[in-house]
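Single-letter residue listing:
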Amino acid sequence: MVLLVTRSPCIGVCKLDRHDVCKGCGRTAAEIARWGRMDPEARHDINLRLLATEGKQVRKRLLKPLRKAVRR
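Residues numbered from 1 in each chain as written. Predicted model: local features only at pLDDT ≥ 70, side-chain atom pairs only at ≥ 80, totals over all residues. Heavy atoms only, no water.

Draft legend 1. Focus on the overall build of the protein chain. Helix and strand counts for the protein chain stand at three helices and zero strands. Along the protein chain, helices (α) and strands (β) appear in the sequence α-α-α when read from the amino end. Compactness check: the protein chain gives a C-alpha radius of gyration of 12 Å against a globular reference of 11 Å for 72 residues, within 12% of the reference. In terms of overall dimensions, the protein chain has a C-alpha envelope of 40 × 25 × 20 Å along the principal axes. In the protein chain, buried positions account for 26% of the 72 residues. Partitioning the intrachain contacts of the protein chain with sequence separation of at least 6 by distance along the chain shows that 49% fall at a separation of at least 24. Just so you have it, the protein chain exposes about 5100 Å², and 53% of that area is on carbon and sulfur atoms. (Helix = DSSP H or I, 4+ residues; strand = E, 2+ residues; numbered from the N terminus. Rg over C-alpha atoms; globule rule 2.2 N^0.38 Å. Buried < 20%, exposed > 50% of the residue type's maximum accessible area, 1.4 Å probe, protein only. Contact = heavy atoms within 4.5 Å. Areas by Shrake-Rupley, 256 points an atom, 1.4 Å probe, with all protein chains shown as cover.)

Draft legend 2. Examining the nonpolar core more closely. By size, the foremost hydrophobic cluster in this structure holds nine residues: Val5, Trp35, Met38, Ile46, Leu50, Leu51, Val58, Leu62 and Leu66. Contributions of two or more residues to this core are made by α2 (40-53) and α3 (56-71). When residues no more than four places from it in sequence are discounted, the contact partners of Leu50 are Pro9, Cys25, Gly26, Arg27, Val58 and Leu62. (Core = buried A, V, L, I, M, F, W, Y, C linked by side-chain atoms within 4.5 Å.)

Draft legend 3. A look at unusual backbone geometry. In this model, Asp20 sits at a positive phi of 60°, which is unusual for a non-glycine residue. Position of Asp20 relative to the elements: it lies in the segment before α1 (29-34). Overall, the relative accessible area of 43% leaves Asp20 in the partly exposed class.

Draft legend 4. Highlighting the packing of α2 against α3. Across the interface, α2 lies against α3 with an axial gap of 8 Å and an inter-helix angle of 135°. Between α2 and α3, the angle is such that the two are oblique. Seen along the crossing, α2 lies across α3 with a hand that is left-handed. Residues Asn47, Leu50 and Leu51 of α2 touch α3, and the partners they reach there are Val58, Arg59, Leu62 and Leu63. Considered class by class, the residues forming the contact of α2 with α3 number five nonpolar, one polar and one charged. (Axes fitted to C-alpha atoms, helices over the stretch in contact; angles between N-to-C directions. Parallel < 35°, antiparallel > 145°, perpendicular 65-115°, else oblique. Left-handed = near helix turned anticlockwise from the far one by under 90°. Nonpolar A, V, L, I, M, F, W, Y, C, P; charged D, E, K, R; others polar.)

Below you can see the structure in the form of structure tokens.
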């Protein structure tokens, strides 16, 4: 079974820094703009990067659905 991490990492802190990276979730402005049109694999790749680089709130948001899926 392959589980893709495709959930939006948005934690509601939507402010871009001077490099156009969201201070809340860590996605670039371009990634945020394309998110709804991305295929699941592209979302998964971005989320893997965010899991490795972003804070606890983002990791918790992304991993919560996976924990539920693994328990089933």
